[in-house]
Number of protein chains: 2
Amino acid sequence: MAEAVKSIANLVCPTPMPVRDTVLLGHGSGGTLSAALIREVFLPAFQNPVLGRLDDQAIVQVNGSRLAFTTDSFVVKPLFFPGGDIGSLAVHGTINDLAMGGAKPLFLSAAFILEEGLPMDMLRRIAQSMRDAAQAAGVLIVTGDTKVVERGSGDQLFINTAGIGLVPDGVDLSASRACPGDVVLVSGTIGDHGIAILAQREGLEFDSRMESDSAPLHVLVSEMLATGAEIRCMRDPTRGGVSSTLNEIAQTSKVGIELVEREIPVREEVRGACEMLGLDPLYVANEGKLIAIVAPESASAVLSAMQRNALGKNARIIGKVCEAHPGLVTMRTDLGTSRIVDMLAGDQLPRIC
Amino acid sequence: MAEAVKSIANLVCPTPMPVRDTVLLGHGSGGTLSAALIREVFLPAFQNPVLGRLDDQAIVQVNGSRLAFTTDSFVVKPLFFPGGDIGSLAVHGTINDLAMGGAKPLFLSAAFILEEGLPMDMLRRIAQSMRDAAQAAGVLIVTGDTKVVERGSGDQLFINTAGIGLVPDGVDLSASRACPGDVVLVSGTIGDHGIAILAQREGLEFDSRMESDSAPLHVLVSEMLATGAEIRCMRDPTRGGVSSTLNEIAQTSKVGIELVEREIPVREEVRGACEMLGLDPLYVANEGKLIAIVAPESASAVLSAMQRNALGKNARIIGKVCEAHPGLVTMRTDLGTSRIVDMLAGDQLPRIC
């Protein structure tokens, strides 16, 4: 246990500022290094208006229909964890990226990179788990690919899923649409996924079992949209946690965001684990939660709709959008002070998804 | 050189029959082991009519449009090779999978799994190469993802691209549509990609430079379709080569296929390299060639259309579809004998794409 705490403390120590000539683990963290990589390498190369929106999904026009299109690779370690496995996570993650654009998820692809020597039974279990997750969510896995790399050139199994969804008429969600006065909602307790993975990976024992919140959010989203409320933007706060998601929205919309610490729902056991490990739940990954930015007059209708769905029963209003400090997220703490909530720097927890 | 030949001889030796309890390199070869993996693990898990067609792309209905959707991960080694790199290959490969369904490729996703320590300049060069390939082909990279794994848990860089295309009205290509009497065409010389990768990887020196044929085939395909000819099916013979592609078509359509050895175009230098290394060009990967199965009355029109395009200038009729020996591919050799052309067993050349 002492060993585990030490190894985690190492992870949390800020990495030195980005050495720009090699890839660091932190470039995959979803925080400032990831943002720098996108800004400095991928955007200059691929620059086009659709990609430039930097939402979790591209919205493209095909033959008069608005399609959402997204991709995600999954490298989570370990492959199996309380509340899910890499297979269900790969299905939920891509469904959620589609749903955050307001799209009805329709079709997924599944591409596997296997390391030579992977037990076939493990692959069978994971494929089965993907099937179950897709079936439960009402999406079809329609195309796939398998590659095998030599022992030592991979790590058991990586999965990529891409997804296609259909965006209903009138729906227009984007991280660029937050306005001063808007309300910030979260659909439930934060940090559950990251702490579950960490506990499993490091063999930590807690009084209560930590479980990932991995879940498909598209039905919750469709119920929120059905209220007809003015929803500006939705995001699932995965890698980098709530802090990174809100910082991205604040920067993209050029607005400030003010959180109220005591309103942010965190499970007692997750709060305890975070305190013990020196982690801030705002930076810990979620896989079954969403953040919504909603016009003030719509907030209560959207909140009620969320709370009626099992995946939103702990939904809360956690803050608001303001004109002050554009691009910055701040938080009124329980002590009554205010602090800046930065984007994650370096790598807090590598390979969390 | 002797060393290289020995190591290649090892690769070519048939692996023992599939040990069914772990993943082997050959499960990624595109041959019999790949087919067994799909048949025994993925199809039973994901079973649905779209996936069950086992074409290179799924054709799905969205809002009245027929979309092609496909995914491919690229693990080629080395990352840079004569005629291309992993970036251009990842763009061409997915464009070609869409094109083989008759679709006009529209949008690509790009997902990167980076190994910690990858030189940033290498990533920049590869992103640039993807951009150039996409731009030249008229497709947009609209969404992406980046993950980073620890040193030793990956191998520099893996790329997944998924793609969306639009299938024009009236186009219906599938490996299940070959009929006895149909003609088999190939768009040019075979084996170029596999031999170029192998030469680069093993440091083999030949009199002339071996170059990958990696190229986007969608314009060639659209020109073939524009003839209005009865084209049953198109496939790009990548991993597993022409033999595996034709075996798949023969099995899916429950027909026999008869090739004529002297009609199969192979560059002199590729033929020489294959002879020296004990490889059969029919099993070597291509990345800029297609196989078309065409109704007999349409063959000459399609052949002429192919030969007018630079990527099809060496196109040839190489065989025909027959009623005899359904599921089997045979070849009339230069010696006048006939032999069975099996699907690739084991792994001839791992990590070729």
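Residues numbered from 1 in each chain as written. Chains lettered and ligands numbered in written order. Predicted model: local features only at pLDDT ≥ 70, side-chain atom pairs only at ≥ 80, totals over all residues. Heavy atoms only, no water.

Peer 1: I'd like a description of the sheet that holds strand β11 (residues 291-294) of chain A, backed by residues and values.
Peer 2: Residues and elements named next belong to chain A. With mixed pairing, seven strands are arranged side by side in an open sheet as β9-β11-β8-β12-β10-β13-β14. The sheet terminates laterally at β9 (231-235) and β14 (338-340), the two strands that pair on one side only. Across the sheet, the axes of successive neighbouring strands diverge by a mean angle of 25 degrees, strand direction being ignored. Of the strand pairs in this sheet, strand β8 (residues 183-186) and β11 are connected by four bridges, and their pairing is antiparallel. Across the sheet, the residue bridging to V186 is I291, located in β11. This element, helix α10 (residues 299-308), spans β8, β9, β11 and β12 (316-322) of the sheet and lies at about 5 degrees to β8. (Pairing = 2+ DSSP bridges. Helix = DSSP H or I, 4+ residues; strand = E, 2+ residues; numbered from the N terminus. Axes fitted to C-alpha atoms, helices over the stretch in contact; angles between N-to-C directions. Contact = heavy atoms within 4.5 Å.)

Peer 1: How would you sum up the interface of chain A and chain B? Please name residues and give values.
Peer 2: Listed by partner, the interface residues are 79 residues for chain A and 79 residues for chain B. Summing the contributions of chain A and of chain B, the shared interface buries around 6700 Å²; its carbon and sulfur component is 68%. If you sort the residues of chain A by the area they bury against chain B, V23, F69 and M120 of chain A come out on top, with a joint share of 10%. Where chain A packs against chain B, one counts eight salt bridges. One salt bridge in this structure joins E150 of chain B and R351 of chain A, with 2.7 Å as the shortest N-O distance. Among the elements of the structure, α2 (32-46), α3 (49-52), β1 (58-62), β2 (65-74), β5 (104-115), α5 (120-137), β6 (140-149) and β7 (157-166) of chain A are those that each provide at least two residues to the side of chain A that touches chain B. (Buried area = accessible area lost by both parts, 1.4 Å probe. Salt bridge = Lys/Arg side-chain N within 4 Å of Asp/Glu carboxyl O.)

Peer 1: Describe in detail the pattern of salt bridges, supporting the description with residues and values.
Peer 2: Residues and elements named next belong to chain B. Inspection of every chain in the model, using the stated rule, returns 50 salt bridges over all chains. Linking K289 and D213 is a salt bridge whose minimum nitrogen-to-oxygen distance equals 3.0 Å. One end of the pair, K289, is in the loop between α9 (268-277) and β11 (291-294); the other, D213, is in the loop between α6 (192-202) and α7 (218-226), with 76 residues separating them in the sequence. Residue K289 is classed as buried on the basis of its relative accessible area of 7%. (Buried < 20%, exposed > 50% of the residue type's maximum accessible area, 1.4 Å probe, protein only.)

Peer 1: Report on the relation of the copies chain A and chain B, specifying residues and quantitative values.
Peer 2: Superposing chain A onto chain B requires a rotation of 180 degrees together with a translation of 0.0 Å along the rotation axis, leaving an RMSD of 0.0 Å. In short, the pair behaves as if placed about a two-fold rotation axis. Across chain A, the smallest distance between a C-alpha and the rotation axis is recorded for G154 of chain A, namely 2.1 Å. (Least-squares fit on C-alpha atoms with pLDDT ≥ 70 in both.)

Peer 1: Could you give an account of α7 of chain B, with specific residues and numbers?
Peer 2: Residues three or four positions apart in an α-helix share a direction because the helix packs 3.6 residues into each turn. Listed in full, the buried residues belonging to α7 of chain B are H218, L220, V221 and M224 of chain B. Within α7 of chain B, the buried residues cover an arc of 155 degrees as seen down the axis, which keeps them to one side. (Arc of directions from axis to C-beta.)

Peer 1: Describe the sheet that holds strand β8 (residues 183-186) of chain B, listing the residues and the values that go with them.
Peer 2: Residues and elements named next belong to chain B. Pairing in this open sheet of seven strands is mixed, and the strands run β9-β11-β8-β12-β10-β13-β14 from one edge to the other. Only two strands of the sheet have a single partner each, and these edge strands are β9 (231-235) and β14 (338-340). Across the sheet, the mean angle from the axis of one strand to that of its neighbour is 25 degrees, orientation sign disregarded. As paired elements, β9 and β11 share four bridges and run antiparallel to each other. Counted as the bridge partner of R235 is I291 from β11.

Peer 1: Describe the packing of helix α7 (residues 218-226) of chain A against α10 of chain A, and please don't skip the residues or the numbers.
Peer 2: Residues and elements named next belong to chain A. The contact between α7 and α10 brings their axes to 9 Å, and the two run at 145 degrees. Handedness of the α7/α10 crossing: right-handed. Judged by residue contacts, L220, E223 and M224 of α7 engage V302, A305 and M306 from α10. Split into classes, the residues belonging to the contact of α7 with α10 amount to five nonpolar, no polar and one charged. (Left-handed = near helix turned anticlockwise from the far one by under 90°. Nonpolar A, V, L, I, M, F, W, Y, C, P; charged D, E, K, R; others polar.)

Peer 1: Can you explain the pairing of strand β7 (residues 157-166) of chain B? Please cite residues and give values.
Peer 2: All names here are of chain B. When you tally the buried positions in β7, you get nine out of 10 residues, the bulk of the element. Strand direction decides the pairing type here: strand β5 (residues 104-115) and β7, joined by 10 bridges, are antiparallel. Across the sheet, residue L108 finds its bridge partner in β7, namely G163.

Peer 1: Can you break down the environment of H92 of chain B residue by residue, with the values?
Peer 2: All names here are of chain B. Tracing the backbone through its elements, the reader meets H92 in helix α4 (residues 86-99). Residue H92 is classed as buried on the basis of its relative accessible area, which comes to 10%. When the C-alpha positions of H92 and V255 are compared, they lie 30 Å apart, and in sequence the two are 163 residues distant. When near neighbours in sequence (up to four residues on either side) are disregarded, H92 contacts A133, S214, A215 and P216.

Peer 1: So what about the confidence of the model for chain A? Which residues, and what values?
Peer 2: Note: predicted coordinates in regions of low pLDDT should not be interpreted at a detailed level. Residues and elements named next belong to chain A. The predicted model of chain A averages 92 in pLDDT, with 95% of residues at 70 or higher. Below pLDDT 50 for its whole length, residues 1-19 participates in 20 contacts with residues either more than four positions away or in separate chains. With pTM at 0.93, the complex prediction returns an ipTM value of 0.93. (pLDDT = per-residue confidence, 0-100.)

Peer 1: Help me get a handle on the packing of helix α6 (residues 192-202) of chain A against helix α9 (residues 268-277) of chain A, residues and values and all.
Peer 2: Residue and element names in this part refer to chain A. Two elements in contact, α6 and α9, have axes separated by 10 Å at closest approach and are oriented at 60 degrees. With respect to their mutual orientation, α6 and α9 come out oblique. Judged by the twist between their axes, the crossing of α6 over α9 is left-handed. Contacts between α6 and α9 involve D192, I195 and L198 from the first element and V270, A273, C274 and L277 from the second. Residue classes in the contact of α6 with α9 are distributed as six nonpolar, no polar and one charged. (Parallel < 35°, antiparallel > 145°, perpendicular 65-115°, else oblique.)

Peer 1: Talk me through the domain arrangement of chain A; I want residue IDs and the actual numbers.
Peer 2: Residues and elements named next belong to chain A. Its domain assignment divides chain A into domain 1 (56-166) and domain 2 (183-340). One C-alpha centre belongs to domain 1, the other to domain 2, and the line joining them spans 24 Å. Facing 20 residues of domain 1, the contacting portion of domain 2 comprises 21 residues. With both sides pooled, the region where domain 1 packs onto domain 2 buries about 1800 Å², and carbon together with sulfur makes up 60% of that total. Of all residues in domain 1, the largest losses of buried area upon contact with domain 2 belong to P82, N96 and M100, amounting jointly to 33% of the total for that side. Remark: the boundary between domain 1 and domain 2 carries one salt bridge. D56 serves as the salt-bridge partner of R235, at 3.7 Å between the closest nitrogen and oxygen. In this assembly, domain 1 and domain 2 are joined by eight residue pairs in polar contact (both at pLDDT 80 or more). (Domains from an automatic or database assignment. Polar contact = N/O pair within 3.5 Å; in protein donor to acceptor, adjacent residues only side chain to side chain.)

Peer 1: How would you explain α6 of chain A if you had to name every residue and give the values?
Peer 2: All names here are of chain A. Within α6, eight of the 11 residues are buried, leaving the element largely enclosed by the surrounding structure. Within α6, the full set of buried residues consists of D192, H193, G194, I195, A196, I197, L198 and A199. Remark: G203 follows α6 within two positions and exhibits a positive phi of approximately 65 degrees.

Peer 1: Outline the environment of L225 of chain A, supporting the account with residue identities and numerical values.
Peer 2: Residues and elements named next belong to chain A. Along the chain, the position of L225 falls in helix α7. Residue L225 is classed as partly exposed on the basis of its relative accessible area of 22%. Between the C-alpha atoms of L225 and S174, which are 51 residues apart in sequence, the distance is 14 Å. For L225, the contacting residues outside a window of four places in its chain are G102, V171, I231 and M234.

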